[in-house]
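Given next are the chains, with one letter for each unit.
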Amino acid sequence: VSAASAPALSSQLIVAMATAPHTWLRLVPSCRSYSKATRLHKIDYPWKDEPKPHWVRQFEARRVDADLTPENRDWLRQWRLQRVRDAVASSSEAAAAASPLKEPPAARPLWTPRVSQRCGLVGIKLGILPMWYRNGQKVHTTVVQIPDQRVLRWVPPEDLGNYASLREMRPYRLNQSLLPRWLTQQRWGLQLVGAVPADPANFTAQWCGIFKAAGLPPMRKISRFLVSPDAALQPGACLGLHHFRVGDCVDVVARTVNRGFQGVMERHLMEGGPAAHGSTKFHRKMGSAAGGGGPIYRGKRMPGVMGNRFRAARSLPVLRVNTKHRLLFIKGFTPGPPHSYCQIMDSWMLDVRRSLDANPPPMPTYFAEDAPEGGYPEDVYHPDLLPYDQPLELPD
Amino acid sequence: CFSCQHPARDATSAISSSWQLRPVPGLQVPLRLPSDRRPPVRRFACPASIAAASAAASPAVPPGPPLAPAGIARVYKPRLSPEAMKEFWRLSGIGPDHSRAKAADQQAEVPPEIKRLYQEALPPIVSQDYRDPIVESLHRAEMMRRRRVINIPEFHVGSILAVSVMDKHAPNKVNRFVGLCILRRHTGLFTTFTLRNMVDQVCVQIEYELYSPSIVSIQLLKLERRLDDNLLYLMDAPHSHCTIPFDMVPEPYSRNDPVPVNRERVRLNPPPWMCKWHLHGYQGIDLEHLYSYLSDKDVAKAIEFSKAYKRYDLLDQYLNRVPVPDADYAFKDIFIQHQELLQHQQQQQ
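Everything quoted here is computed from the prediction, not taken from an experiment. (Residues numbered from 1 in each chain as written. Chains lettered and ligands numbered in written order. Predicted model: local features only at pLDDT ≥ 70, side-chain atom pairs only at ≥ 80, totals over all residues. Heavy atoms only, no water.)

1. Here's the deal with the overall build of chain B
Summing up its helical and strand segments, chain B has 10 helices and five strands in all. Relative to all contacts within chain B whose residues are 6 or more apart in sequence, the contacts with residues 24 or more apart total 70%. Entry remark: accessible area of chain B is about 21800 Å², with carbon and sulfur atoms responsible for 55%. (Helix = DSSP H or I, 4+ residues; strand = E, 2+ residues; numbered from the N terminus. Contact = heavy atoms within 4.5 Å. Areas by Shrake-Rupley, 256 points an atom, 1.4 Å probe, with all protein chains shown as cover.)

Have a look at this one:
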C-alpha cells in the first residue's frame, strides 16, 4: 500500500502519540484513576488473537467432483502433492546453490549490536523428552519440529503505519492507552513467513493468491516476525533448522492450551467459599462484583474461557539439534498442546542479546556456506548435556 | 414497479386487488373512501431497481480490513489435525521412521521375552491429542542407548532389587539400597519405580528414575510377581512383609521360565489406614480379615466394587488400554533395537 493512496491517518496518529498523547486519549480515561484490575491487558475482543490474515478465508470445503472416479481423484491428488514437493525443492537452498543461473552471493549483513533482530522460525511442538546434564541434574526438553518454510513478504518500518491490518486501532484503545513501541519507534519491520506447504485443494483461491505473488506453493500457516531492516529477507528466501545453533537462547510464542469455560477459582485463583459450616450455595463463587453498589468496572475477573491465548516463554536455550527429523530440543516447557504451531525467535532478553553480540548468529539466516566441513552429524548436543549412550562421570 | 415502470407481478396485483371495495348489493356506499381511511399505498419495486438504488446511494469504497472478521463464529484451531500432520510428513519426508517396524514384520513373531523386558516401551495411555509417533520413537531409541551403558534387568512389582546410585557425600561415592518393588509407573524415559524396605526399624520408600544416569547399577535379587499392580497397601501392613536384608544373596532365575507369582495374601493392621484399601480391588490382601474391620455398609460397598462389571464396560477398557496396533508397533521397533543391543554387547565382550 503506497503512502499516496492510503490516508495518512496512522502517521498522524503516531505523531499525535509522540507529541501530545493526553489530547488524543480524552475518550479513554487514565488507567491510574482505576483499580489494578483495569490495568490488566486481558480485555479481548473476538478477533484479538485471530491469525492474520483473518480477512482472507483460508480453508475451503473440498469440492465433490461426481465426474471423477476414485482412482482419478487419488491420481490428481498425488499429482498436486508432487507439484508442491517440486515447488518446495526448487525454492530450497540446495536448488539455489546448484542452479547454473546462480548469482554471486551478495554481501551478507553484519550483526550490529543493539540493532540487529533476525527473523524467527515457525515450529510445530511435538512433545517432551527428559534429558540429563553432565552434573546429574535433570532437564525437560520440548521437542519442536521445524517444517519447510519460506519468506513471503517484507514490510519496511516506514510502511508499518500504512500496512492494512495494523491500522486497526481499536485493540490499543481498549487495552493499553498507548500504541506499542515497535509501531511508534519504527525500528523494526514486519517479516511474513509461510510454513507447512500443503495440497492447494484445501485452500481457497484467495489464500493461494497470497503465495502466488512470491512464487511459492500455498502453505497452512502465515506468521509475522518483527525484524530489523538489516536482517530483512526477500520473498522466497529459505529458512532452515540451522538458523538457531545449539546454545542460542530463544523465545517461544504460542497459543496456550484451551481449558474451556472455567470458573473464577480455576481461572483467577480466587478463594471461593467454605465447603462446610453452614455455607449456603457459596462454595466456588466470585462473591461481590463491585463495591457499594457501584458499576462493574471493565476487566473485572469473572468466569470465562481459560487459555487459548498467545503467551511467550522467554530465554530458553536450545540444547540439542536433530537433523534427521529436523528437531530442536528446547529446554523447559512451551505453551500449547502437541502439534500446535509456535514462533521461535532470538530472545529479547537483554542478557541474551549481549551474549549474541559476543557470538553473532548467522546473519540474516543460515545459508549452505555456513555449514561446517563434512556437514552436521545427526545429533548435535550442547556440551553440558549428557547423551544417553555416555556414562555419567561426576567430579570428586 | 414505481421506479422503472416494470409491470407488477401477479402476486402483487392479487394483494392490491384485495384492498379494493367489493360492491355489496342493497348497500348505499360512496364510490370513494375519504383519503385518511384509504389503506396505505403499497409500492412494489423489482429487484433490478432496488440494486440500482443501493448502488447509487453508497459509492464504491475499496474494502479494507473489516473491523470484525467474516467468520467470527469460526473456531481458530492452531493445531495441525492428525491428517494434516500425516500430509506434512509425507510431503517433507521428515516423518516417523517406520523402517524398523517393517524389518520386524518380515521376521517371526516378536518373542514374549521382549514384552517382559521392555514393559515401559509401550506408549502412554493418554488421549490421542497428546501422543506423537516421533517423540515415542525418540523415547524408545534413547532407552536402548541407555541400556548400552547399564544393564536393566527384567523386574515386576513384587521383585526385590538392589540399586546403586552416585552420591558424592557417600564414603565410596555410591549409595546402595535394597528393597521390594511396590510401584512401577509412567512410560518411556519417565519410567520410575519405588523400593520399600525397613532401615533401623524405619520404613523407607525410595522412588528411582529408571533411566537416570546417576544410577550405577540395578541388580535383581529375586524375580517375582504379585497379584496386584502395586503394593501400596504394605504401608498399612506389618513391617515383616517388607523387611529385606541388605546382604541378601541374589536368587538365580531363567528368562525362559514364566515369572513366578507370589499368591500370598497380606493381613493389614487395624484401621485407621492411609487409604480405603477395600475399594481398589486388591487381590493381595486377606479380604476376610479386612472385612472384619469394616462395618456392614463398607463391606457391601467393597463387594459391590469387586463385582466384575468392569469387564463389560467397553469404554473403560478402551480408555485404559494401549491400542493393540500401537503396542505391536512399539514392540516391533524395540525388538530390532534389542537385537542391535545384543550385537553391541557381544562386540564389547
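Don't stop here, the text continues.
2. Thoughts on the overall build of chain A
When helices and strands are tallied, chain A shows nine helices and 14 strands. Put simply, chain A has 396 residues, and 44% of those count as buried. As presented, chain A carries roughly 21100 Å² of accessible surface, and 56% of it is formed by carbon and sulfur atoms. (Buried < 20%, exposed > 50% of the residue type's maximum accessible area, 1.4 Å probe, protein only.)

3. Concerning the interface of chain A and chain B
Contacts between the two partners involve 60 residues from chain A and, on the opposite side, 44 residues from chain B. In total, about 4700 Å² of surface goes out of reach between chain A and chain B, with carbon and sulfur atoms giving 63% of it. A salt bridge links R145 of chain B to D379 of chain A; its shortest N-O distance comes to 3.8 Å. Our count for the contact surface shared by chain A and chain B stands at 13 residue pairs in polar contact (both at pLDDT 80 or more). Elements that contribute at least two residues to the side of chain A that touches chain B include exactly α3 (70-90), β1 (121-133), β2 (138-145), β4 (189-197), β5 (219-227), β11 (327-331), β12 (340-346) and β13 (379-381) of chain A. Considering every element that reaches the side of chain A that touches chain B, the biggest residue donor is β1 of chain A, with seven residues. Of the residues in the side of chain A that touches chain B, the class split is 31 nonpolar, 10 polar and 19 charged. (Buried area = accessible area lost by both parts, 1.4 Å probe. Salt bridge = Lys/Arg side-chain N within 4 Å of Asp/Glu carboxyl O. Polar contact = N/O pair within 3.5 Å; in protein donor to acceptor, adjacent residues only side chain to side chain. Nonpolar A, V, L, I, M, F, W, Y, C, P; charged D, E, K, R; others polar.)

4. Some details on the side chain of S164 of chain B
Residue and element names in this part refer to chain B. Mapped onto the fold, S164 is located in strand β1 (residues 160-166). Looking at S164, the relative accessible area reads 9%, which means it is buried. S164 has contacts with V174, N175, R176, S214, I215, V216 and S217, leaving out every residue within four places of it along the chain.

5. Regarding the confidence of the model for chain B
All names here are of chain B. Chain-level pLDDT for chain B is 84 on average; 78% of the residues reach the 70-or-more range. No element of chain B has a lower mean pLDDT than helix α1 (residues 10-18), which averages 41, and none a higher one than strand β3 (residues 192-199), which averages 98. Here residues 27-36 scores under 50 on pLDDT; set against residues more than four positions off or in separate chains, the count is three contacts. The complex model carries a pTM of 0.82, and its ipTM stands at 0.85. (pLDDT = per-residue confidence, 0-100.)

6. Let's talk about a nonpolar patch on the surface
A cluster of nonpolar side chains, contributed by L315, Y318 and L319 of chain B, occupies part of the molecular surface with about 380 Å² of accessible area. Relative to the helices and strands, L319 of chain B resides in helix α9 (residues 314-319). (Patch = residues over 30% accessible without salt bridge, like charges linked within 9 Å, V, L, I, M, F, W, Y side chains within 5 Å.)

7. Notes on the packing of aromatic side chains
Residue and element names in this part refer to chain B. According to the stated counting rule, one finds 12 aromatic pairs over all chains in the structure shown. Seen from their ring centres, Y233 and Y282 are 4.9 Å apart, and the 75° between their planes marks the pair as edge-to-face. With Y233 in the loop between β5 (215-222) and α7 (287-291) and Y282 in the loop between β5 and α7, this residue pair connects regions lying 49 residues apart in the sequence. When its relative accessible area of 1% is taken as the criterion, Y233 is described as buried. (Phe/Tyr/Trp six-rings, centres within 6.5 Å; stacked < 30°, edge-to-face > 60°.)

8. Side note on the sheet that holds β5 of chain A
Residue and element names in this part refer to chain A. The strand order across the open sheet built from four strands is β5-β4-β3-β6, with neighbouring strands paired in antiparallel fashion. With partners counted over all chains shown, the strands left at the sheet margins are β5 and β6 (238-239), one partner each. The pairing of strand β3 (residues 149-155) with β4 spans six bridges and is antiparallel. Bridge assignment links V151 to a residue of β4, and that residue is V193. (Pairing = 2+ DSSP bridges.)

9. As for the side chain of E154 of chain B
Residues and elements named next belong to chain B. Position of E154 among the secondary structure elements: in the loop between α6 (133-146) and β1. A distance of 2.8 Å separates the side chain of E154 from the side chain of R116, its partner in a polar contact. A polar side-chain atom of E154 sits 2.9 Å from a polar atom in the side chain of H156. Each residue touching E154, except ones within four places of it in the same chain, is listed here: R116, L117, L220, L223 and V259.

10. Things to note about the packing of helix α4 (residues 99-106) of chain B against helix α10 (residues 324-348) of chain B
All names here are of chain B. Between α4 and α10, the least distance of the axes is 8 Å, while the angle of their chain directions is 85°. Overall, the two elements α4 and α10 adopt an arrangement that is roughly perpendicular. Contact with α4, carried on its side by R100, A101, A103, A104 and D105, involves Y329, K332, D333, I336 and Q337 of α10 and no other residues of that element. Its residues assigned to classes, the contact of α4 with α10 comprises five nonpolar, one polar and four charged. (Axes fitted to C-alpha atoms, helices over the stretch in contact; angles between N-to-C directions. Parallel < 35°, antiparallel > 145°, perpendicular 65-115°, else oblique.)

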